[in-house]
Amino acid sequence: MTHARRTPSRTLLRSGLTTLIFTTFASGLFSQTLDRTRTEALARRATERLQALQQEADALASQERSLLGELRKLEIDRQLQTEQLRQVVTDSTQVAAELKANAQRMQDLERQESSGRPELRNRLVDIYKLGQGRYLRLLLSTTDIRQVGQAARTLSALAKLDHDRIVSRERTLDELKGTRLALEDRRRRLESLRATAQSGEAALARAAKARNDLIHDIDSRRDLNAQLVGELQAANQRLQLTLRDLSSVPADAAALPIHPFRGDLEWPVVSSAVRRSSRSASSPLSAGIDINAAEGAPVTAIHGGVVAFADAFGGFGNLVIVDHGAQSFSLYGNLLEMSVAKGARVERGDPLGTVGPAPAGPPELHFELRIDGQSVDPLQWLRKH
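Draft legend 1. Geometry of the overall build of the protein. Helix and strand counts for the protein come out as four helices and 10 strands. Taking all 385 residues of the protein together, the buried fraction comes to 31%. Pairs at least 24 apart in sequence give 69% of the contacts found in the protein among residues at least 6 apart.

Draft legend 2. Examining the environment of aspartate 377 more closely. Here aspartate 377 shows up in the segment after strand S10 (374-376). Once the C-alpha coordinates of aspartate 377 and alanine 287 are considered, the two residues, 90 residues apart in sequence, prove to be 5.5 Å apart. Other than its neighbours up to four places away in sequence, aspartate 377 contacts Arg276 and Ala287. A distance of 3.1 Å separates a polar side-chain atom of aspartate 377 from the backbone nitrogen of leucine 379.

Draft legend 3. A look at the pairing of strand S4 (residues 305-313). Alignment of S4 against strand S7 (residues 345-346), held across two bridges, turns out to be antiparallel. Bridge pairing in S7 links glycine 305 to valine 346. Relative to strand S5 (residues 317-325), S4 is paired through seven bridges, and the arrangement is antiparallel. When the bridges of S5 are listed, aspartate 311 appears paired with leucine 319. Counting the residues between successive antiparallel strands, the hairpin from S4 to S5 contains three residues, one of them, glycine 315, with a positive phi of roughly 90°.

Draft legend 4. Local environment of the nonpolar core. Core analysis: the largest hydrophobic core is formed by 31 residues, its most contacted members being Leu265, Val320, Tyr332, Leu352, Phe367 and Leu369. Looking at this core, the elements with two or more residues in it are helix H1 (2-130), strand S2 (289-292), S5, strand S6 (328-338), strand S8 (351-355) and strand S9 (364-371). Counting residues in each nonpolar core, the second largest holds six residues, with Leu60, Leu67, Leu71 and Ala208 among its members.

Draft legend 5. Seen up close, the packing of aromatic side chains. If you walk through the whole model with that rule in mind, you get three aromatic pairs. One aromatic cluster is present, built from ring pairs that chain together Phe309, Phe313 and Phe316.

Draft legend 6. How the structure looks around the pattern of salt bridges. By the definition in use, this model includes 16 salt bridges. Of the charged contacts, one joins arginine 86 and glutamate 83 as a salt bridge, the two residues approaching to 2.5 Å between their closest N and O atoms. A residue pair is termed a helical-turn pair when its members lie 3 or 4 positions apart in one helix, as arginine 86 and glutamate 83 do in helix H1 at three residues. Classification of glutamate 83 as partly exposed rests on a relative accessible area of 40%. The shortest N-O distance in the salt bridge between arginine 275 and glutamate 364 comes to 3.1 Å.

Draft legend 7. Representation of unusual backbone geometry within the structure. The phi angle at alanine 326 is positive, at roughly 55°, despite the residue not being glycine. Here alanine 326 lies in the loop between S5 and S6. Of the residues examined, alanine 326 reaches a relative accessible area of 56% and is grouped as exposed. Even without a glycine there, the phi angle at glutamine 327 is positive, about 60°. Topologically, glutamine 327 is positioned in the loop between S5 and S6.

Draft legend 8. Structural context of the side chain of serine 330. Within the secondary structure, serine 330 sits in strand S6. Polar contacts involving the side chain of serine 330 include one to the side chain of tyrosine 332, which spans 2.8 Å.

Draft legend 9. How the structure looks around the environment of alanine 203. In this structure, alanine 203 sits in helix H3 (residues 145-244). Assessed through its relative accessible area of 34%, alanine 203 is described here as partly exposed. For the pair alanine 203 and arginine 78, spaced 125 residues apart in sequence, the C-alpha to C-alpha distance is 9.2 Å.

Draft legend 10. Structural detail: the confidence of the model for the protein. Averaged over every residue, the pLDDT of the protein is 75; residues scoring 70 or more account for 71%. Within the model, the stretch residues 1-7 combines pLDDT values under 50 with zero contacts to residues more than four positions away or in other chains.

Draft legend 11. Examining the side chain of histidine 259 more closely. Structurally, histidine 259 is set in the loop between H3 and strand S1 (273-276). Here the side chain of histidine 259 touches aspartate 372 through a polar contact of 3.0 Å, side chain to side chain.

Draft legend 12. Examining the environment of leucine 60 more closely. When you line up the elements, leucine 60 lands in helix H1. Placed 162 residues apart in sequence, leucine 60 and arginine 222 show a C-alpha to C-alpha distance of 6.9 Å. Sequence-distant contacts of leucine 60, that is, excluding residues within four places in its chain, are made with Ile218, Arg221 and Arg222.

Cut-offs applied
- Residues numbered from 1 in each chain as written.
- Predicted model: local features only at pLDDT ≥ 70, side-chain atom pairs only at ≥ 80, totals over all residues.
- Heavy atoms only, no water.
- Helix = DSSP H or I, 4+ residues; strand = E, 2+ residues; numbered from the N terminus.
- Buried < 20%, exposed > 50% of the residue type's maximum accessible area, 1.4 Å probe, protein only.
- Contact = heavy atoms within 4.5 Å.
- Polar contact = N/O pair within 3.5 Å; in protein donor to acceptor, adjacent residues only side chain to side chain.
- Pairing = 2+ DSSP bridges.
- Core = buried A, V, L, I, M, F, W, Y, C linked by side-chain atoms within 4.5 Å.
- Phe/Tyr/Trp six-rings, centres within 6.5 Å; stacked < 30°, edge-to-face > 60°.
- Salt bridge = Lys/Arg side-chain N within 4 Å of Asp/Glu carboxyl O.
- pLDDT = per-residue confidence, 0-100.

Right under this line is the structure:
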């Protein structure tokens, strides 16, 4: 009888122990499955972001090569422009010298004409006085016909010489005036070319500087890209270790740093209207934004992390702060309801609460982002709309 009564107790004990062992095993297996699912999702996200960063790196490298080609062409154009300017300056100097020589030549002619003008005037007066009867007067004034002929020839030669001198001088003056006009016209064209060349050289210099600045900016972005890729690769390696043996790797290993996702973070709430927060104007330590949204609209985490604060906070209403590690936090204020508690682990897209009314105005979510302990502009980290 005693043995018969003990048998059900032992059976029940064995059955209960079996159930406990199975429950514990099932619970551990379920937890491990959840951890593996979460870690695999993080690994996929890390891989996708690595691919995006690699594409960005390739695009930056291609852009830099293109800019370097443009810069080389600009340098060649600038050298040509400089040589053209040098030639224009040389031509301008030559034209200035020729104009100076032309002016000097005209002055010399004027001086020669001035010095010879009295003699010429006297001869012209004498010839005028002789008039048409000069041969007759010469004949009557001398008894030697040969002297008459010689005098006539001399007078004729002097007259022709004076005439030729006048004609030559007038011709030379006309030529010098024409040369001066041509030189003045050339000088004006050279001045115009010089101004154009100087302007072109300055424009090319500005264009070259702009492209050099772009290349420096691209180099900086490529350095940052390489740094972010390194962080993601390290995180991905930790995730792969986690997938191999979830029980041997700390939970923190299965996490992604926020830095590589700059410009690719999801918005915490769906909205089409954003403005700089008034708190940012009053505090240099804040660079938050206020996102207009319908009251009750769901608010989600922008990145994985641990809830560091979830409670009412003066000036922010209900406030949730998510710690993303490495002194990086996201802040969600003016919440109507909070769906998480302090210490909870959240992933990207997990619900944190709902949009509530602002202290003075329509419903809106107050959002801030702190990276490495410093307040940053969230619009530089969230995806472009």
